Amino acid sequence: MKILVCLKQVPHKDARLEASGGWIDEGGIKFEINQYDTYALEEALRIKDAGEAEVVVATIGPDRTSQALRTALGMGADRAIQIWDDSLSGADSLTIAKLLAAAAKDESFDLVLMGLMSDDANNSLTGPMLAELLGLPHTTGAMKIELSDGKAQVERELEGGSLQVVDLPLPCLITVQTGLNEVRYASLKGIMQAKKKPLDKKGISDLGLDAAAVASKVTVDKLYVPTKGEGAEILEGSAGEVAQQLVGKIKELGLL
Amino acid sequence: MIEWSEEHLAFRDALRRFIDAEIVPNLEELEHGDTPPYDVLRKLYSTFGLTEMQRSRGEAVVAASRKADEARARGEEPARRQRQPGGNVDAMAMQLLLIKELCRFCPGMVTAMGVSTGLTGGALISKGTTAQKERWLTPILTLEKIGAWAITEPGSGSDAFGGMKATACRDGDGYVLNGNKTFITNGPYADTIVFICKLDEGDDTPQRDRRMVSFVLDRGMPGLTQSKPMRKMGLHSSPTGELFLQDVRAGRDRLIGESESAYGRGGAKETFGMERTGVVAMTLGMVERCLELCTAYAKERVQWDKPIGEYQLIQLKLAKMEVARMNLENLLFRQIELAGAGRSPTLAEASAGKLYAAQTCMEVMLEGVQLFGGNGYMAEYQIEQLCRDAKVMQIYAGTDEIQITHIARELLRD
Ligand SMILES: Cc1cc2nc3c(=O)[nH]c(=O)nc-3n(C[C@H](O)[C@H](O)[C@H](O)COP(=O)(O)OP(=O)(O)OC[C@H]3O[C@@H](n4cnc5c(N)ncnc54)[C@H](O)[C@@H]3O)c2cc1C
């Protein structure tokens, strides 16, 4: 069994973010592995613990992201792939999916696991796109994964707390929800061993791609925090007075 | 070493995740109540594979000790352990990181852990016989059993060696022990106690000049009483207590090194060096946390329509804290480098580091409270606890005044 876990490094949940142009100002903030992806990694490691499996982690990101890969190796992944080129800064989901697909194509993974979405961009696109590029059956938002006889049975979370059970033949790609397992800590010994595990750094051309073919189609125009309180008007007075004013406003604005 | 490596940071991040999940939610009970720290420390050990590592370490110490005995039996000089240059860097860095990270929230917890594994375990490793190591060492290193190391008495602290009243009298092939110890970390809960006293040979040698000996005692031995935790200013996640010994009978198998000259001043001094080194890592964790809390508060707290961080008097406090943090970190990196080179700091160097660390930490915490104003004085804000905890750094492991005398003695030596 060979499993690929794709993970992304995102700003730490407690980081103070400042928007600058199309993205946040990355200087001086701490990063961590995207929450959703940690569950995907844990699921892969559980499969490895239960039988034989090689777990490969891959990320697309600058130098700082090797820290996330080391952590994953410390938790028990076997090797890591880091893909980067400065032209990839601000890459859209399709670009990311193309790069991951190129890295995965000759590896014949039996299973690709990743988070449902990233904590920072919230797109939920990379998983399904990658599956399509690799020609793999896929499903999203897994709450439970069971493997047997060359297939995966997946419980997915739907709106309103209902669950859907789907079967997929292996190889396949599954994106996972948070909470489907309890994510382990990297042990000290694991972290020390991680130092000796392979971490392959690759550029776009190492993947046999050219920059134009993977250029992003989506550009972010602006990232900002909406100013609070704009357009809000606070009505004052007793409950009766406020109610009366409110009715007046509703009529005035023709809302009813 | 000029920077933490990727592996060090990975360990730090994993520790922070554990601390956020297991310690921070219980900080109130740990730091304002009487909840002993041992269960969460054991959980920390098992989570990070430290229990297994410590078990292997204990077993390796026993095996090496046995080999040395065999060599001596053949009339050979036992081979000294070869230290691999560089090999200790990671081990030392990880150990100090663990101390530093825990101290961001619970300096007491580190005290409890350090006294048990470092001082009690350390005494057995350096001076115990093979049989004593086999009997007590591994469970202490893994925290399965809690250790205490008792030298201070109601009448002797700084002058612990000279002023000590506790005695051991020979009795048949064993000893009878008497005396009281106070301020003993883990005293109330300890399973295994290293008890340091004077050998009373029944002659008229003044007590001050009598030879020091030490024993390993077990909880529940007849005549041994362990007090309840003492009330104190801070450091609540480290229980501190008194020990009362009344005619406690101890066989020769409990005499450390099974020799009346094994664990004298040299043994205890070695222990002091280790304690003093640990304080640098402790204070770095506390100062780092204080700086984090203070920068956030300086940006958030508004007076006269401006965040207080825009006032230069507040900026001065923050800048000084950062200078302290950098100095402490560099001291720590030096310790790691020394370990990597297979060297330990001299006692004077360890004292200088400890003195600087303790005083700096106290100054930083007081300024931290000041920066928080009234909120700084309220227990709801963590800075209040850190400030109370900082004071002990200037008292235990040798007071500031005693560190100064050790540094000066070295400087003035002929
Ligand atoms: C929380 C806590 C935990 C502790 N844990 C342990 C433990 O596990 N095991 C253990 O054995 N002990 C422990 N101690 C004891 C600690 O080591 C002593 O408190 C410390 O060494 C100081 O001794 P003392 O309290 O008797 O003060 P004293 O020695 O009475 O000192 C009083 C004051 O006089 C000063 N002074 C004393 N002599 C001189 C001198 N020659 N020149 C100048 N100034 C001097 C001191 O610096 C101090 O300011 C602990 C203490 C605390 C507070």
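Remember, predicted model here, so these are calculated numbers, not experimental data.

Q: Can you walk me through the overall build of chain A in this structure?
A: Scanning chain A from N- to C-terminus turns up 6 helices and 13 strands. Expressed along its principal axes, the backbone C-alpha trace of chain A runs to roughly 70 × 40 × 40 Å. In chain A, which comprises 256 residues, the share counted as buried stands at 37%. Long-range contacts, defined here as pairs at least 24 residues apart, represent 68% of the contacts in chain A between residues at least 6 apart.

Q: Whenever I open this one, the interface of chain A and chain B confuses me. Can you help?
A: Quite often, the size of an interface is put as the accessible area lost when its parts meet. Each side of the interface is counted separately: chain A has 15 residues, and chain B has 16 residues. Elements that contribute at least two residues to the side of chain A that touches chain B include exactly α2 (66-75) and α5 (188-194) of chain A. The dominant element in the side of chain A that touches chain B, judged by the number of residues it contributes, is α5 of chain A, at 6 residues.

Q: When you look at the environment of T360 of chain B in this model, what are you seeing that I'm missing?
A: All names here are of chain B. Relative to the assigned elements, T360 resides in helix α11 (residues 347-372). Sequence separation of T360 and V287 is 73 residues, and the distance between their C-alpha atoms is 8.7 Å. If near-sequence neighbours (up to four positions away) are discounted, T360 is found in contact with T283, A324 and L328.

Q: I'm lost on the sheet that holds strand β1 (residues 2-6) of chain A in this one. Help?
A: Strand-to-strand pairing in sheets goes through backbone hydrogen bonds, with the strands running parallel or antiparallel. All names here are of chain A. One open sheet accounts for 9 strands, arranged β11-β10-β9-β12-β8-β1-β6-β7-β13; its pairing is mixed. Bordering the open sheet on either side are β11 (163-169) and β13 (199-202), each of which pairs with just one other strand. Each strand of the sheet is rotated relative to its neighbour by a mean of 30°, with strand direction disregarded. Of the strand pairs in this sheet, β1 and strand β6 (residues 54-60) are connected by 5 bridges, and their pairing is parallel. Each residue of the ladder has a partner; that of C6, found in β6, is A58. Packing of α2 onto the sheet brings it into contact with β6, β7 (79-83) and β13, and relative to β7 it is tilted by some 165°. Packing of helix α4 (residues 126-134) onto the sheet brings it into contact with β8 (111-115), β9 (138-148) and β12 (172-176), and relative to β9 it is tilted by some 65°.

Q: How do you make sense of the domain arrangement of chain B when you look at a structure like this?
A: In terms of domains, chain B is made up of domain 1 (6-146), domain 2 (149-264) and domain 3 (266-412). On a C-alpha basis, the centres of domain 2 of chain B and domain 3 of chain B stand 31 Å from each other.

Q: What should I look at first to understand the environment of P36 of chain B in this one?
A: Residue and element names in this part refer to chain B. Position of P36 relative to the elements: it lies in the loop between α2 (27-32) and α3 (38-47). When the 18 C-beta atoms within 10 Å are taken as the criterion, P36 is described as partly exposed. Between the alpha carbons of P36 and I407 there is a distance of 36 Å; along the sequence they are 371 residues apart.

Q: Can you help me understand the site of the ligand in this one?
A: Residue and element names in this part refer to chain B. Lining the immediate environment of the ligand, one finds 19 residues, of which G157, S158, T185, T399 and E401 sit closest. Secondary structure elements with two or more residues in the shell around the ligand: β1 (147-150), β3 (174-185) and α14 (400-412). At 3 residues, the largest contribution of residues to the shell around the ligand is made by β3. Two domains share the shell around the ligand, each providing at least three of its residues, namely domain 2 (149-264) and domain 3 (266-412).

Q: I keep staring at the confidence of the model for chain B and nothing clicks. Help me out?
A: It should be kept in mind that the predicted coordinates are not to be read in detail where pLDDT is low. Per-residue pLDDT for chain B has a mean of 94; in total, 97% of the residues score no lower than 70. Reported for the predicted complex are a pTM of 0.88 and an ipTM of 0.78.

Q: How should I be thinking about the nonpolar core in this particular structure?
A: In globular proteins that are soluble, nonpolar side chains generally tend to be buried together. Counting residues in each nonpolar core, the largest one holds 166 residues, and the members touching the most others are V5, V57 and V112 of chain A. Here the element with the most residues in this core is helix α9 (residues 265-300) of chain B; it accounts for 11 residues. Residue contacts for V57 of chain A: discarding those within four places in its chain leaves V5, L7, L41, L69, A72, A77 and A80 of chain A.

Q: Is there a simple way to explain unusual backbone geometry in this structure?
A: Most of the time, phi is negative for any residue but glycine, and the peptide bond is trans. In this structure, P171 of chain A follows L170 of chain A across a cis peptide bond, with omega equal to -5°. The residue D305 of chain B is not glycine, and still its phi comes out positive at about 60°. Along the polypeptide, D305 of chain B turns up in the loop between β8 (302-303) and β9 (306-307). What makes D305 of chain B exposed here is the crowd of 6 C-beta atoms within 10 Å.

Q: Any chance you could explain α3 of chain B here in plain terms?
A: Along an α-helix, residues three or four apart share an orientation, since each turn contains 3.6 residues. Residue and element names in this part refer to chain B. Buried within α3 we find V40, L41, L44, Y45 and T47. Looking at the buried side of α3, the elements it contacts are α1 (6-23), α4 (50-73) and α6 (107-127). Directly beyond the C-terminal end of α3, a positive phi value near 75° is found at G49.

Calculation rules
Residues numbered from 1 in each chain as written. Chains lettered and ligands numbered in written order. Predicted model: local features only at pLDDT ≥ 70, side-chain atom pairs only at ≥ 80, totals over all residues. Helix = DSSP H or I, 4+ residues; strand = E, 2+ residues; numbered from the N terminus. Buried ≥ 20, exposed ≤ 12 C-beta atoms within 10 Å, placed from the backbone. Contact = placed C-beta atoms within 7 Å. Pairing = 2+ DSSP bridges. Axes fitted to C-alpha atoms, helices over the stretch in contact; angles between N-to-C directions. Domains from an automatic or database assignment. Near = placed C-beta within 6 Å. pLDDT = per-residue confidence, 0-100. Core = buried A, V, L, I, M, F, W, Y, C linked by C-beta atoms within 7 Å.

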